[in-house]
Amino acid sequence: MADIRFENRVAIVTGAGGGLGRQHALELARRGAKVVVNDLGGSVDGSGGGSEAAMKVVEEIKAAGGEAIANGSSVADDAGVAHMVKQAMDQWGRIDILVANAGILRDKTFAKMELADFEVVLDVHLMGTVKPAKAVWEIMRAQNYGRIVVTTSSSGMYGNFGQSNYGAAKLGVIGFMNTLRLEGQKNNIHVNAISPVAATRMTENLMPPQMLERLKPEYVTPGVVYLCSEEAPTGTILTAGAGAFAVARIYETEGVYLGDKGLSVEEVRDNWTKITDPAGQQAYQMAGEQSQKFFRKMQETQGS
Ligand code: NAI
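Procedures and definitions
- Residues numbered from 1 in each chain as written.
- Predicted model: local features only at pLDDT ≥ 70, side-chain atom pairs only at ≥ 80, totals over all residues.
- Heavy atoms only, no water.
- Phe/Tyr/Trp six-rings, centres within 6.5 Å; stacked < 30°, edge-to-face > 60°.
- Buried < 20%, exposed > 50% of the residue type's maximum accessible area, 1.4 Å probe, protein only.
- Lys NZ or Arg CZ within 6 Å of the ring centre and 35° of its normal.
- Pairing = 2+ DSSP bridges.
- Helix = DSSP H or I, 4+ residues; strand = E, 2+ residues; numbered from the N terminus.
- Axes fitted to C-alpha atoms, helices over the stretch in contact; angles between N-to-C directions.
- Contact = heavy atoms within 4.5 Å.
- Expected span 1.5 Å × (residues − 1).
- Domains from an automatic or database assignment.
- Arc of directions from axis to C-beta.
- Salt bridge = Lys/Arg side-chain N within 4 Å of Asp/Glu carboxyl O.
- Near = heavy atom within 4 Å.
- Polar contact = N/O pair within 3.5 Å; in protein donor to acceptor, adjacent residues only side chain to side chain.
- Areas by Shrake-Rupley, 256 points an atom, 1.4 Å probe, with all protein chains shown as cover.
- Nonpolar A, V, L, I, M, F, W, Y, C, P; charged D, E, K, R; others polar.
- Parallel < 35°, antiparallel > 145°, perpendicular 65-115°, else oblique.
- Left-handed = near helix turned anticlockwise from the far one by under 90°.

Asks: I tried to follow the packing of aromatic side chains on my own but got confused; where do I start?
Replies: Two measures describe an aromatic ring pair: the distance that separates the ring centres and the angle between the ring planes. Scanning the entire structure with this criterion turns up one aromatic pair. On the numbers, 6.4 Å between centres and 70° between planes, the contact of Phe110 with Phe118 is edge-to-face. Judged by relative accessible area, which is 57%, Phe110 ranks as exposed. The cationic tip of Arg9 hangs over the ring face of Tyr145; the distance from NZ or CZ to the ring centre is 3.7 Å.

Here's what the structure looks like:
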């Protein structure tokens, strides 16, 4: 099969001044994409900022013969996002790919967390994905082509001590993806999620050095770049780290129909084993499939 290339494609990669985003931007550019390198340039907790980090990556791309422009806006800032999209449109006239990767941490147990730290993390990860997606959505619809990759986390899917804010935001982007996938399909807009594990400044204090050595960001990037390609699936949560790749899904058990007459709390308790039995569990493709199952189970029981 032919190599995956991005000639004539324009990509925006947010938070691409370092870590994972930088690798995604470098690889997209190496494969022919024109890239907007966005980065606010602040510290891990989101304080400070400047456009040097983005500019450095642009220089790297140019030195390797690629095309890129820098943007130092915050992904959570409406005017900044509008400016980022305008830069891409003025320079290249289209936007094919959005990799929403920018992120910060404000870790604390929920007991000690200020709501302000909760809100700012939601703002950067969730609204910082929604705002750039909204700004490119009409462009992608008009082009009848688009690829969006949101960045989730195992902390959102499975939980992680001290990350209630981050986990909420990271599962939020999956909910966002699930609906964009449906709404984007007729215009060939595919929306996927990456759940990475990589040694970056975000994780340098969270894992031992021997582990970090095996977790280079460049081991995640091929998965992201595949999700940016014409061949990308849609609605997939790709997990990636250390060179390993897998897919995460939300499954629902087959469950049990308990009837609608005299239904009691005790009946739910007494049927807990059946309700939670994984045999026959399924990953649904849209919300309505769940209610279809409820009605099917009702009919099966009443018909028997
Ligand atoms: P990183 O800290 O190296 O990169 C994040 C980048 O986003 C930084 O360059 C930062 O300046 C930029 N940024 C922060 N706030 C911004 C804003 N408001 N506007 C624009 N840019 C902003 O961290 P890393 O690890 O590369 O993280 C990339 C993404 O991957 C994040 O969404 C993170 O939550 C996610 N992730 C990373 C994991 C890991 O193991 N490194 C695990 C799971 C998810």
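Asks: Mind showing me how you'd approach the sheet that holds strand E7 (residues 237-241) here?
Replies: Across a sheet, paired strands are connected by hydrogen bonds in the backbone, their directions being either parallel or antiparallel. Ordered in space as E3-E2-E1-E4-E5-E6-E7-E8, the eight strands form an open sheet in which the pairing is mixed. In the strand order of this sheet, the two ends are held by strand E3 (67-71) and strand E8 (244-248), each with one partner. Here the strands of the sheet are splayed against their neighbours by 20° on average, with no regard to which way each runs. Contacting strand E2 (34-38) and E3, helix H2 (residues 52-63) crosses the sheet at an angle of about 175° to E3. Strand contacts of helix H6 (residues 164-184): strand E5 (146-151), strand E6 (189-197) and E7, with the helix running at about 160° to E6, the strand carrying the most contacts.

Asks: Sorry if this is basic, but what is going on with helix H1 (residues 19-30) here?
Replies: Along an α-helix, residues three or four positions apart point the same way, because every turn accommodates 3.6 residues. The terminal C-alpha atoms of H1 lie 17 Å apart, and with twelve residues this matches the ideal 16 Å at 1.5 Å per residue to within 8%. For H1, the set of buried residues is Leu20, Gly21, Gln23, His24, Ala25, Glu27, Leu28 and Ala29. Residues of H1 that are buried sit in contact with strand E1 (10-13), E2, H2, strand E4 (97-100), E6 and helix H8 (221-227). Backbone geometry just downstream of H1 places Gly32 in the positive-phi region, at approximately 105°.

Asks: Where do I start with the domain arrangement of the protein in this structure?
Replies: Many descriptions give the size of an interface as the accessible area lost when the pieces come together. When the domains of the protein are assigned, the result is domain 1 (10-247) and domain 2 (265-303). The distance between the C-alpha centroids of domain 1 and domain 2 comes to 36 Å.

Asks: Is there a simple way to think about H2 in this case?
Replies: Over its twelve residues, H2 extends 16 Å from the first C-alpha to the last, a length consistent with the 16 Å expected when each residue adds 1.5 Å. Of the positions making up H2, those classed as buried are Ala54, Val57, Val58 and Ile61. Looking straight down H2, one finds its buried side chains confined to an arc of 105°; they lie on one side. Seen from the buried face of H2, the exposed residues on the opposite side, beyond 90 degrees, are Glu52, Lys56 and Ala63. Close packing links the buried residues of H2 with H1, E2 and E3. After H2 finishes, the residue Gly65 shows a positive phi value of roughly 95°.

Asks: Help me understand the pattern of salt bridges in this model?
Replies: Any two side chains of opposite charge can pair, on the condition that their charged atoms come close. All chains considered together, the criterion is met by 18 salt bridges. We note a salt bridge from Glu230 to Arg9, for which the minimum N-O separation is 3.0 Å. With Glu230 in the loop between H8 and E7 and Arg9 in the segment before E1, this residue pair connects regions lying 221 residues apart in the sequence. According to the relative accessible area criterion, Glu230 is exposed, its value standing at 54%. Judged by its relative accessible area of 14%, Arg9 is buried. Between Glu27 and Arg31 there is a salt bridge, and its shortest N-O distance comes to 2.7 Å. Overall, Arg31 belongs to the partly exposed group, its relative accessible area being 23%.

Asks: Sorry if this is basic, but what is going on with the site of the ligand here?
Replies: Close contacts around the ligand come from 30 residues, with Leu20, Asp39, Asn101, Tyr166 and Thr200 the closest. At a separation of 2.9 Å, an oxygen atom of the ligand approaches a polar backbone atom of Ala198. In isolation the ligand offers 820 Å² of accessible surface; the protein chains occlude 96% of this area. Among the elements of the structure, H1, helix H4 (115-143), H6 and E6 are those that each provide at least two residues to the shell around the ligand. Tallied by class, residues from the shell around the ligand come to eleven nonpolar, 16 polar and three charged.

Asks: Any chance you could explain the packing of H1 against H2 here in plain terms?
Replies: Running from N to C, H1 and H2 point in directions that differ by 25°, and their axes come no closer than 10 Å. Accordingly, the angle class assigned to the pair H1 and H2 is roughly parallel. H2 is crossed by H1, and the crossing has right-handed handedness. Each of Arg22, Ala25, Leu26 and Ala29 in H1 lies in contact with H2, whose residues at this interface are Val57, Glu60 and Ile61. Its residues assigned to classes, the contact of H1 with H2 comprises five nonpolar, no polar and two charged.

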